[in-house]
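The lines below spell out each chain.
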Amino acid sequence: MRVTAAVLLVLCLLAVSHAWDCQKVVNIKNLMQIDAGLGQVVATDTSQVPYYLVGDTWIRLPGSLKHITVGPAGIWGVNKADSIYKYVAGNWVQAAGLLKQLDAGGEQFIVGANMDDTPFCLTRSATVGYKGPGSPLPWTGLPGAVKYYSCGPFGCWAVNKNDDIFLMSLNQDCQNNGWSHIDGKLSMIEVATDGSVFGVNSAGSVFTRDGITASKPEGTGWSNIPMSMRMGHVTYDLSRLWVVSKTAVTMVCTP
């Protein structure tokens, strides 16, 4: 039997692909960004309206946000002016600083990146204790330049303007050991509460990092998750993979 190069390529791709069952989410439209953590799901739509998922119902939250995040550090968001907000007792309370993207997935600390791609970290004590303008917010600048930044129990992952991927060990006091370069190219990346890592590349393909453990936080390699359309955003929690397409269609997938 003659095996062509094209057949070998297809076989190789299938070997590193994970098949998931994906269904279109029909009760919400035009989402732009979504984040899941600790059994909670939040999202913003193309009109920058924020939402919180309760059961199967999307509840509209007050305010206007271009990015929203949920995790051990609570619910936080940023608006079109890069102003930062924490959701406290049913209302958004503005926090000092400017970030274009942030993430609440760390061990009760916040990370994010500003308009110049400078990464920042807010300690656990400051994050948990923040109740309003009178609370201290000692943002710590971190080395490097990243456009998207997300943390989990085994470390923080980020991508830069060239879609290069990096991993950093970061603790609740924002102490770190610098960035380590990871193979591959992604345009955005998200770390789940259980440490799983997912991302989307510039072509709209979705990937997950294999082999991640506490002793091997960098994992072993990337596997493709086939999708029926080009995706722009991804998040994962409790065996549910949420993906938003470049045309604002939302899918939820299970392995």
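Residues numbered from 1 in each chain as written. Predicted model: local features only at pLDDT ≥ 70, side-chain atom pairs only at ≥ 80, totals over all residues. Heavy atoms only, no water.

By the naming in an unreviewed UniProt entry, the protein chain is Fish-egg lectin-like, taken from Salvelinus namaycush. If you open the UniProt record of the protein chain and go to Sequence similarities (unreviewed entry), you find "Belongs to the tectonin family." (UniProt positions renumbered as here; feature names shortened; annotations may be inferred.)

(A) The arrangement of the overall build of the protein chain in detail. Across its full length, the protein chain holds 2 helices and 24 strands. Computed over the C-alpha atoms, the radius of gyration of the protein chain is 18 Å, within 12% of the 18 Å expected from 2.2 N^0.38 for a compact globule of 255 residues. Dimensions of the protein chain, computed from the C-alpha atoms along their principal axes, are close to 75 × 45 × 30 Å. Counting the 255 residues in the protein chain, one finds 52% classified as buried. Taking all contacts inside the protein chain whose residues are at least 6 apart in sequence as the whole, residues at least 24 apart take part in 45%. Approximately 11500 Å² of the protein chain is accessible, and the part contributed by carbon and sulfur atoms is 55%. Each charge class in the protein chain can be summarised by its mean position, and for the 18 positive and 18 negative side chains these summaries are 6 Å apart. (Helix = DSSP H or I, 4+ residues; strand = E, 2+ residues; numbered from the N terminus. Rg over C-alpha atoms; globule rule 2.2 N^0.38 Å. Buried < 20%, exposed > 50% of the residue type's maximum accessible area, 1.4 Å probe, protein only. Contact = heavy atoms within 4.5 Å. Areas by Shrake-Rupley, 256 points an atom, 1.4 Å probe, with all protein chains shown as cover. Lys, Arg positive; Asp, Glu negative; His and termini not counted. Charge placed at Lys NZ, Arg CZ, Asp CG, Glu CD.)

(B) Region of the structure containing the state of the cysteines. Applying the stated criterion to the full structure yields 3 disulfides. With a sulfur-sulfur separation of 2.0 Å, Cys121 is cross-linked through a disulfide to Cys174. Here the disulfide of Cys121 and Cys174 is left-handed, its torsion about the S-S bond being about -80°. A residue pair is termed long-range when its members are at least 10 positions apart, and Cys121 in strand β12 (residues 119-122) and Cys174 in the loop between β16 (164-170) and β17 (176-185) qualify at 53 residues. Residue class for Cys121 comes out buried when judged on its relative accessible area of 0%. Assessed through its relative accessible area of 4%, Cys174 is described here as buried. (Disulfide = S-S within 2.5 Å.)

(C) Structural detail: the nonpolar core. Counting 28 residues, the largest nonpolar core has Trp157, Ile189 and Leu241 as its most contacted members. When residues no more than four places from it in sequence are discounted, the contact partners of Leu241 are Trp20, Phe198, Ile225, Met227, Val234, Thr235, Tyr236, Met251, Val252 and Cys253. Core analysis: the second largest hydrophobic core is formed by 16 residues, Trp76, Ala95, Leu99 and Trp139 among them. (Core = buried A, V, L, I, M, F, W, Y, C linked by side-chain atoms within 4.5 Å.)

(D) Representation of the packing of aromatic side chains within the structure. For the structure shown, the criterion picks out 8 aromatic pairs. Consider the rings of Tyr87 and Trp92, whose centres lie 4.8 Å apart with planes at 55°: the pair is tilted. Counting every residue linked through ring pairs, the aromatic cluster contains Trp20, Phe198 and Tyr236. (Phe/Tyr/Trp six-rings, centres within 6.5 Å; stacked < 30°, edge-to-face > 60°.)

(E) The arrangement of the pattern of salt bridges in detail. In this structure the tally under the stated criterion is 6 salt bridges. Across the pair Asp82 and Lys66 runs a salt bridge, and its minimum N-O distance is 2.5 Å. Taken together, the residues Asp82 in the loop between β7 (74-78) and β8 (83-88) and Lys66 in the loop between β5 (57-60) and β6 (67-71) connect sequence positions 16 residues apart. The class of Asp82 is buried, set by a relative accessible area of 10%. (Salt bridge = Lys/Arg side-chain N within 4 Å of Asp/Glu carboxyl O.)

(F) View of the environment of Asp117. Relative to the elements of secondary structure, Asp117 occurs in the loop between β11 (110-113) and β12. Overall, the relative accessible area of 12% leaves Asp117 in the buried class. Spatially, the C-alpha atom of Asp117 lies 8.1 Å from that of Lys161, the residues being 44 residues apart in sequence. When near neighbours in sequence (up to four residues on either side) are disregarded, Asp117 contacts Lys100, Gly144, Ala145, Val146, Lys147 and Lys161. In this structure the side chain of Asp117 is engaged in a polar contact, spanning 2.5 Å, whose partner is the side chain of Lys100. (Polar contact = N/O pair within 3.5 Å; in protein donor to acceptor, adjacent residues only side chain to side chain.)

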